Number of protein chains: 2
Amino acid sequence: MLPGIGIFCSGSQSSTLVKVLVPLIREKGFRVDALWSRSLKEAEEIAKQLQINFHTNKIDDVLLRKEVDMVFVICPPHLHAEISVKALGIGKHVVCDNMGLNQKEALKMVRASQYYPALISLVNHSLRFLPAFIHMKRALTDDVIGNVSLVDVRIQMGSLFSNKFDWMCDASMGGGALHLIGSHVIDLITFLIGKRAIRVHGILRTYTKQTPTVNGIRQISAPDFCTFQMELAGGVLVTVSIHSHIVPSSTFIQEIMVCGNDGHLVVRGGDLFLWKHQLEKPVKEEAIYVDVQDLHTSTMDSWLPKPYVKGLCKMIGALKEAFAQKESSWVKEPVQSAATFEDGLYVQAVIEAIKASSESRTWKKVEIWTDSPNHEKEGIRFARMTSM
Amino acid sequence: MLPGIGIFCSGSQSSTLVKVLVPLIREKGFRVDALWSRSLKEAEEIAKQLQINFHTNKIDDVLLRKEVDMVFVICPPHLHAEISVKALGIGKHVVCDNMGLNQKEALKMVRASQYYPALISLVNHSLRFLPAFIHMKRALTDDVIGNVSLVDVRIQMGSLFSNKFDWMCDASMGGGALHLIGSHVIDLITFLIGKRAIRVHGILRTYTKQTPTVNGIRQISAPDFCTFQMELAGGVLVTVSIHSHIVPSSTFIQEIMVCGNDGHLVVRGGDLFLWKHQLEKPVKEEAIYVDVQDLHTSTMDSWLPKPYVKGLCKMIGALKEAFAQKESSWVKEPVQSAATFEDGLYVQAVIEAIKASSESRTWKKVEIWTDSPNHEKEGIRFARMTSM
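Remember, it's a predicted structure, so these values are computed and weren't measured experimentally.

### Focus: the overall build of chain A
Piece 1. Within chain A, the regular secondary structure consists of 11 helices and 16 strands.
Piece 2. Surface accessibility of chain A: about 16,300 Å² in total, with carbon and sulfur atoms responsible for 51%.

Spelled out as structure tokens, the structure:
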């Protein structure tokens, strides 16, 4: 029997995601037993629409429910750490959308996940489960293109901002292109190449400061454009650009190219192509994997990019398999390739280094927090910032 | 009567270009009267193939010919300054492919052009004459997309290296993607936006160190990949990436996007598109200029990108018009939009700043050389380097 699921969801972005997530979860055979939202009104509305029997605005009311064995935390980033740590403490498996606002919070989540190793604790970096990337990783492992030297990522998508001012408009609340999309890219690179970034350089810009509906005293501070470069351990260079300010909201173009000595691999949307250098032969693009499978769940009316939703669908499938194996430990094949909280902490460290680089116009070393006293001081600073 | 033309051409890249250039020149009604190449054998071969009556390996033999009124200097960069300065001194108009190896040489060329203002002295930055960019500049002047905030340039092209080791493989001789392609992009941005770069950041890489035919003791040092960012006066950000190491040599993809408050303009190949933000209407791509005119001259067997050849064709047309007006001064409408030697000096300054940035991993201010004593010292250093 698959575990029952509780969902933490708040705000317009979350409610877009939850409408995609709940049908996917049910499709795989899980039950959705409880829904939390910040306001009772919002909780009631979503629960009614998605036919979830129980809703509440109290976190504990979800976590203490016996039939809830796993929670999906898809609320705004400032609640990630609080809810995830509490959930693990009560003995629930956790899939969290991201790793909170900063490394201080991410580190709390990592500690909790290390303290309860028998519980699932995953970050929703769903691109790892997209078949095109799984095939790409396999091709890289099989040395199809030789030594990798360069990874180039280019994303063009519609605006991330909804029609009212919320956390997504606010850089300090984890909004914007780097946190929302960049985090997935940073994680994906490590998944594909098997190396982490040593140092980074980046430029963030907020080109859309107001919209027709967000035009009061408050201005948008979250970046809608970012370009950054990462040097991975071993020397691979990664260049990334994310534009979310120029194309209509229905557009999503994602191209990830990995170049090696002997050719290169490109994932466009959900498809994988290979260009192989061959002596005295013209180089040709060869389709290695073409994504034909369409999603059952309609995602037409959401801003969520298709590859991320497809990955999410596969990730939930992997969770189902993991539970179906009925072994005592969940750490087995189906979800082994998922992003752990440690992976999420690393991504937070890279994001912080990119932000610092953009402010100082210098390359920054990626420094992953540990429990050293130096960082405790920093922690206090962050705690103050977030309590403001 | 149009002036007779002398051509300085040496090496495999030059001889590719000369085979495109000479037919274009003749098509517009100019005579090609003389050809110089470093070796008499090379000169003889090219002259025979292109039916040029006079060939030589002595620079003065071209410059002192009475029927030669204008020279095209398309030989390797280390000869640009010497030949251009000498030509202007003898009273010949000059169109030079680029501005030598460094700012020291570029400055000599600028001084010569300032000393002989009645003579034409242009850099072959031919993209300025491509109709799509002329229309783009007009749209920007007409404020079609509002305040410009970002320019994004992406170029993917085949290898720049020929099948033997020459200056193109050598970074210190002006080879590689930044000098060859980047220089055109840097110039184009200033032409379009009307602003110069204040500071830059860049990464250069040589991914192809050997090829099937260049594989001896000498390794390729010229970068085949570069990514750089420029901050223009007034705050516009420019991001550029040039890949010349991944796609087959017949490929040339160039996309230049200018983003403003109210929409964006994109030139793809030779076509211009507009995306206009409109309230409560879906954004749509609208073709503003579609390039249908095909080149008479076959460029199929050359690595030269089509937009650059088309621009060159238009530039020669503008030169013809300028001469046809028969006025005493050549500085008039048809060639007024061409790149002067001062523009070329600026481009050299940006290239040097990008190289320095790539070496030091820091942002660099763009410092344009003048005749100050500080730079004289630098000049000595460069002179030593180039005489090695």
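### A word on the sheet that holds strand β9 (residues 225-232) of chain B
All names here are of chain B.
Piece 1. Within the open sheet, the 9 strands sit side by side as β14-β13-β12-β11-β7-β10-β9-β8-β16. Their pairing is mixed. Each end of this open sheet is capped by a strand with a single partner; those strands are β14 (285-289) and β16 (364-365).
Piece 2. On the sheet, helix α10 (residues 341-360) packs against β8 (197-205), β9 and β16 and is oriented at approximately 55° with respect to β8.

### Some points on the pattern of salt bridges
Pairing is possible between side chains of opposite charge, provided their charged atoms come close.
Piece 1. Taken as a whole, this structure holds 30 salt bridges over all chains when the rule is applied.
Piece 2. With a shortest N-O distance of 3.9 Å, B:R205 and A:E231 are connected by a salt bridge. Residue B:R205 is found in strand β8, and its partner A:E231 is found in strand β9 (residues 225-232); the two belong to separate chains.
Piece 3. According to the relative accessible area criterion, A:E231 is buried, its value standing at 12%.
Piece 4. Here B:R199 makes a salt bridge to B:E231, at a shortest N to O gap of 3.0 Å. Here the residue B:R199 occupies a position in strand β8, and B:E231 occupies one in strand β9, the gap between them amounting to 32 residues.
Piece 5. With a relative accessible area of 25%, B:R199 lands in the partly exposed category.

### Digging into helix α5 (residues 103-115) of chain A
Piece 1. Helix length check: α5(A) (13 residues) gives 18 Å between terminal C-alpha atoms against 18 Å at 1.5 Å per residue, within 8%.
Piece 2. Looking at where α5(A) begins, the residue whose side-chain oxygen comes 3.1 Å from the main-chain nitrogen of A:K104 is A:N102.

### Some remarks on the interface of chain B and chain A
Piece 1. Across the contact, 31 residues belong to chain B and 31 residues belong to chain A.
Piece 2. Summed over both sides, the interface between chain B and chain A buries roughly 2,900 Å², with carbon and sulfur atoms accounting for 61% of that surface.
Piece 3. Three residues stand out in chain B for area buried against chain A, namely B:R154, B:I246 and B:R361, and they jointly supply 20% of the buried area on that side.
Piece 4. Summed over the shared surface of chain B and chain A, the number is 8 salt bridges.
Piece 5. Our enumeration of links across chain B and chain A arrives at 11 residue pairs in polar contact (both at pLDDT 80 or more).
Piece 6. Among the secondary structure elements, those contributing two or more residues to the side of chain B that touches chain A are β7 (148-157), β8, β9, β10 (237-243) and β11 (252-260) of chain B.
Piece 7. Here the side of chain B that touches chain A takes 5 residues from β7(B), the largest share from any one element.

### Topic: the packing of helix α1 (residues 12-27) of chain A against helix α2 (residues 40-50) of chain A
Residue and element names in this part refer to chain A.
Piece 1. One can describe the packing of α1 onto α2 by two numbers: an axis separation of 11 Å at closest approach and a directional angle of 35°. For the pair α1 and α2, the sense of crossing is right-handed. Side by side, α1 and α2 meet where S15, V18, K19, V22 and R26 of the first sit next to I46, Q49 and L50 of the second.
Piece 2. Along the lines of polarity and charge, the residues of the contact of α1 with α2 split into 4 nonpolar, 2 polar and 2 charged.

### Details of the packing of aromatic side chains
Piece 1. Applying the stated criterion to the full structure yields 10 aromatic pairs over all chains.
Piece 2. Their ring planes at 85° and their centres at 6.3 Å tell us that A:F30 and A:F323 sit as a pair that is edge-to-face. Of this pair, A:F30 sits in the loop between α1 and β2 (31-36) while A:F323 sits in helix α8 (residues 306-324), and the two are 293 residues apart along the sequence. By the burial criterion, A:F30 is buried, and A:F323 matches it.
Piece 3. The interplanar angle of 75° and the centroid separation of 5.2 Å between the aromatic rings of B:Y115 and B:Y116 together place this pair among those described as edge-to-face.
Piece 4. On the basis of relative accessibility, which here comes to 66%, the residue B:Y115 falls in the exposed class.
Piece 5. The aromatic ring of B:W363 is capped on one face by A:R361, whose charged end is 5.8 Å from the ring centroid.

### A word on the relation of the copies chain B and chain A
Piece 1. Structural alignment of chain B on chain A gives an RMSD of 0.0 Å, achieved by rotating through 180° and translating 0.0 Å along the axis. Both copies of the chain, as the preceding transformation shows, are related through a two-fold rotation axis. The rotation axis passes nearest to the C-alpha of B:T362 in chain B, at a distance of 2.9 Å.
Piece 2. Take the interface residues of chain B: 100% of them recur as interface residues in chain A, which is what a same-surface contact looks like.

### Some remarks on the sheet that holds strand β2 (residues 31-36) of chain B
By way of backbone hydrogen bonds, the strands of a sheet pair with one another, either parallel or antiparallel.
Residues and elements named next belong to chain B.
Piece 1. With respect to topology, 7 strands assemble into an open sheet ordered β3-β2-β1-β4-β5-β6-β15, the strand pairing being mixed. In the strand order of this sheet, the two ends are held by β3 (55-56) and β15 (339-340), each with one partner.
Piece 2. In this structure, strand β1 (residues 4-8) lies alongside strand β4 (residues 68-73), joined through 5 bridges in parallel fashion. Paired with G4 across the bridge in β4 is V68.

### Details of the domain arrangement of chain A
All names here are of chain A.
Piece 1. Here the domain parsing of chain A yields domain 1 (4-127 + 304-340) and domain 2 (128-296).
Piece 2. Taking only C-alpha atoms, the centre of domain 1 and the centre of domain 2 are 24 Å apart.
Piece 3. Opposite the 27 residues of domain 1 that make contact, domain 2 presents 30 residues.
Piece 4. Surface buried jointly by domain 1 and domain 2 totals about 2,600 Å² across both partners, of which 63% is contributed by carbon and sulfur atoms.
Piece 5. Interface area lost by domain 1 to domain 2 is led by Q13, L127 and K310, which between them contribute 27%.
Piece 6. At the surface where domain 1 touches domain 2, the tally comes to 1 salt bridge.
Piece 7. Linking K310 and D291 is a salt bridge whose minimum nitrogen-to-oxygen distance equals 2.7 Å.
Piece 8. Those elements giving two or more residues to the side of domain 1 that touches domain 2 turn out to be α1 and α8.
Piece 9. Top element by residues in the side of domain 1 that touches domain 2 is α8. It accounts for 10 residues.

### Structural notes on the state of the cysteines
Piece 1. What the rule picks out here adds up to 0 disulfides over all chains.
Piece 2. A disulfide-free cysteine, A:C169 has its sulfur positioned 16 Å from the sulfur of A:C226, the nearest such atom.
Piece 3. Given a relative accessible area of 0%, A:C169 falls into the buried group.
Piece 4. Summary of cysteine pairing: A:C259 is not part of a disulfide, and the nearest cysteine sulfur, belonging to B:C226, is at 14 Å.

What counts as what
- Residues numbered from 1 in each chain as written.
- Chains lettered and ligands numbered in written order.
- Predicted model: local features only at pLDDT ≥ 70, side-chain atom pairs only at ≥ 80, totals over all residues.
- Heavy atoms only, no water.
- Helix = DSSP H or I, 4+ residues; strand = E, 2+ residues; numbered from the N terminus.
- Areas by Shrake-Rupley, 256 points an atom, 1.4 Å probe, with all protein chains shown as cover.
- Pairing = 2+ DSSP bridges.
- Contact = heavy atoms within 4.5 Å.
- Axes fitted to C-alpha atoms, helices over the stretch in contact; angles between N-to-C directions.
- Salt bridge = Lys/Arg side-chain N within 4 Å of Asp/Glu carboxyl O.
- Buried < 20%, exposed > 50% of the residue type's maximum accessible area, 1.4 Å probe, protein only.
- Expected span 1.5 Å × (residues − 1).
- Polar contact = N/O pair within 3.5 Å; in protein donor to acceptor, adjacent residues only side chain to side chain.
- Buried area = accessible area lost by both parts, 1.4 Å probe.
- Left-handed = near helix turned anticlockwise from the far one by under 90°.
- Nonpolar A, V, L, I, M, F, W, Y, C, P; charged D, E, K, R; others polar.
- Phe/Tyr/Trp six-rings, centres within 6.5 Å; stacked < 30°, edge-to-face > 60°.
- Lys NZ or Arg CZ within 6 Å of the ring centre and 35° of its normal.
- Least-squares fit on C-alpha atoms with pLDDT ≥ 70 in both.
- Domains from an automatic or database assignment.
- Disulfide = S-S within 2.5 Å.

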